[in-house]
Amino acid sequence: MRTRHDHSFTEPIGFDVRMNVIDAVGTRISIRQFTAEPVSDELLRGLVQDAGGAPSGGNVQPWRIYVVNGASMARLREFLPTQAPMDAPEYDIYPAGLVEPYRTNRFTIGEQMYATLGIPRDDKAGRSQQFAHNNNFFDAPAAIFCFIDRQMGLPQWSDLGMYLQTFMLLAVERGLGTCAQEYWSIRHAAISTFVDAPANEMIFCGVSIGHPDPTAAINTLKSERMPFDGFARFV
Ligand SMILES: Cc1cc2nc3c(=O)[nH]c(=O)nc-3n(C[C@H](O)[C@H](O)[C@H](O)COP(=O)(O)O)c2cc1C
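Overview of the structure. (Residues numbered from 1 in each chain as written. Predicted model: local features only at pLDDT ≥ 70, side-chain atom pairs only at ≥ 80, totals over all residues. Heavy atoms only, no water.)

A look at the layout of surface pockets
The cut-off we apply is this: Two kinds of site are reported from a 1 Å grid over the protein atoms alone, namely cavities, where a 1.4 Å probe fits but cannot get out, and pockets, open sets with protein on both sides within 12 Å along at least five of seven lines, and residues are called lining when an atom falls within 4 Å of a point. Grid points are joined across faces, edges and corners, and a volume is the space filled by probe spheres set on the points. Labels follow the DSSP assignment, with helices taken as runs of H or I lasting at least four residues and strands as runs of E lasting at least two, numbered in each case from the N terminus.
Empty space within the largest pocket amounts to approximately 1800 Å³. Considering the residues around the largest pocket, the lining is formed by 41 residues, among which Ser30, Arg32, Tyr94, Ile109 and Glu182 are closest to the centre. For the lining of the largest pocket, the secondary-structure elements that each account for two or more residues are helix H1 (21-27), helix H4 (102-116), helix H5 (124-132), helix H6 (154-173), strand E3 (177-181) and strand E4 (201-210). A total of 10 residues in the lining of the largest pocket trace back to one element, the largest contributor, which is H4.

In structure tokens:
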């Protein structure tokens, strides 16, 4: 097995300067408008492979990744409208009755997103139009779908988060933008069919991938974070 110390990770393509981790953490934001510039299979393969350097309990590596790019993305865009527009999600995206401060955090980012786009509170059509943009991967040329074996439990689901953040930070290092999308959990049947996932696997989320559109207002949205005292304390 490849080790993480044998320098066999993919060399970033076209990016000589590697970022500091803190720069990648600070630079990564969810990109919700991509340009049409394609992303090579080679670059995607490297990203998917290198994100597998993420840790997981017992080194189980529970992530199962399906990559859609180029011709297969075009086929997926044709396929989606032929399928049910929405399924009951197989997991609760948020708990019912989300308590504070989580409820406010969630509410705030929603309001900030619509404010960035100039969509007022009562413009329900405008809001659902933006939501529907999820379905087109925000025009991204590529995406991955992250699945997990149904046997897995909470610890392995948390391992998926390890994988996804590693993936998204490496994408920043390589000049790409990403948006994780739980949205795809409400179209799980269509995606499972398209990627031909075995019945024992369920989808967690998709990640749209591409070059951020520098002219899009939505890409200026910088979400807030709670300060240390809001979520941590020394004991
Ligand atoms: C697992 C996961 C699923 C997400 N699903 C969606 C989604 O379906 N649609 C969307 O627009 N943003 C989605 N997001 C993006 C979050 O809204 C975003 O990460 C959060 O508001 C923080 O903003 P930032 O990513 O710009 O730092 C998702 C993020 C994560 C980590």
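Now, onward.
Digging into the site of the ligand
What counts, and what does not: Put simply, a residue is near a molecule or strand once any heavy atom of it comes within 4 Å of that molecule or strand. A 3.5 Å cut-off defines polar contacts: any pair of N or O atoms within that distance qualifies, except that in protein one atom must be a possible hydrogen donor and the other a possible acceptor, and neighbouring residues in sequence count only when both atoms are side-chain atoms. Occupancy of a cavity or pocket is assigned to a molecule whenever over half of its atoms lie within 2 Å of that pocket's grid points.
Near the ligand you find 15 residues, and of these Arg28, Ser30, Arg32, Glu182 and Arg225 are the closest. Contact distances for the ligand include 2.6 Å between an oxygen atom and a side-chain N or O atom of serine 30. Between the ligand and the protein, one listed contact pairs a nitrogen atom with a side-chain N or O atom of asparagine 134 at 3.0 Å. Among the detected pockets, the ligand sits in the largest pocket.

Remarks on the packing of aromatic side chains
To keep things clear, this is the line we draw: Aromatic contacts are taken between Phe, Tyr and Trp rings whose centres are within 6.5 Å, Trp giving its six-membered ring; a plane angle under 30 degrees counts as stacked, one over 60 as edge-to-face, and the others as tilted. Per-residue accessibility, obtained with a 1.4 Å probe over protein chains only, is compared with the maximum for each type, and a residue is labelled buried under 20%, exposed over 50%, and partly exposed between these values.
Using the criterion set out here, one finds 13 aromatic pairs in the structure. Ring centres of phenylalanine 137 and phenylalanine 145 lie 6.0 Å apart, and the angle between their planes is 70°; this geometry places the pair in the edge-to-face category. With relative accessibility at 0%, the residue phenylalanine 137 sits in the buried group. These aromatic residues form a ring-pair network of at least three members: Phe131, Phe137, Phe145, Tyr183 and Trp184.

Focus: the side chain of arginine 174
Within the secondary structure, arginine 174 is located in the loop between H6 and E3. Looking at arginine 174, the relative accessible area reads 3%, which means it is buried. A polar contact of 3.4 Å, which involves the side chain of arginine 174, links it to the side chain of glutamate 173.

So, the sheet that holds E4
Where strands meet in a sheet, backbone hydrogen bonds hold them as pairs that are either parallel or antiparallel. Our working definition: Here the rule is simple: two strands pair whenever DSSP picks up at least two bridges between them. All axes are obtained by fitting lines to C-alpha atoms, using only the stretch in contact for helices, and the reported angles, taken between N-to-C directions, cover 0 to 180 degrees. Contact between two residues is taken to exist if any of their heavy atoms lie within 4.5 Å; hydrogens are not considered.
Pairing is antiparallel across the open sheet formed by four strands, whose spatial order is E1-E2-E4-E3. Only two strands of the sheet have a single partner each, and these edge strands are strand E1 (64-69) and E3. Going across the sheet, the axis of each strand differs from the next one's by a mean of 20°, ignoring polarity. For strand E2 (residues 142-149) and E4, the ladder comprises eight bridges, and the chain directions are antiparallel. Looking at the pairing, alanine 142 lines up with isoleucine 209 of E4. Against the sheet, helix H2 (residues 41-51) contacts E1, E2 and E4, and its axis sits at roughly 165° relative to E1. Most of the contacts of helix H3 (residues 71-79) go to E1, to which it runs at about 90°, and overall it touches E1 and E2.

What to know about the pattern of salt bridges
Side chains that differ in charge, positive against negative, can pair when their charged atoms come close. Operational definition: A carboxyl oxygen of Asp or Glu within 4 Å of a side-chain nitrogen of Lys or Arg is what we treat as a salt bridge.
Enumeration according to the criterion identifies five salt bridges in this entry. The salt bridge involving arginine 174 is made with aspartate 50; its shortest N-O contact spans 2.9 Å. Of this pair, arginine 174 sits in the loop between H6 and E3 while aspartate 50 is found in helix H2, placing the two residues 124 residues apart along the sequence. As a salt-bridge pair, glutamate 111 and arginine 127 come within 3.3 Å of each other at their nearest N and O atoms. Placement of glutamate 111 in helix H4 and of arginine 127 in helix H5 is noted, with a sequence separation of 16 residues between them. Note on glutamate 111: relative accessible area 22%, which makes it partly exposed. Here the salt bridges share partners, and the residues they tie into one network are Asp50, Glu173 and Arg174.

Remarks on the pairing of E4
Counting buried residues in E4 gives 10 out of 10 residues, a clear majority hidden from the surface. The sheet contact formed by E3 and E4 spans five bridges and is antiparallel. The residue bridging glutamine 181 from the neighbouring strand is glycine 206, located in E4.

Some words on the nonpolar core
Condition: The definition of a nonpolar core used throughout is a set of buried Ala, Val, Leu, Ile, Met, Phe, Trp, Tyr and Cys residues joined through side-chain atoms within 4.5 Å.
Judged by nonpolar contacts, the single largest core of 26 residues is most densely connected at Ile144, Tyr163, Leu164, Phe167, Leu176 and Ile209. Broken down by secondary-structure element, the contributors of at least two residues to this core are H2, E2, H6 and E4. Sorting elements by how many residues they give to this core places H6 first, with seven residues. When sequence neighbours within four positions are dropped, the list of residues in contact with tyrosine 163 reads Leu47, Val48, Ala51, Gly52, Ala54, Trp63, Ile65 and Ile144.

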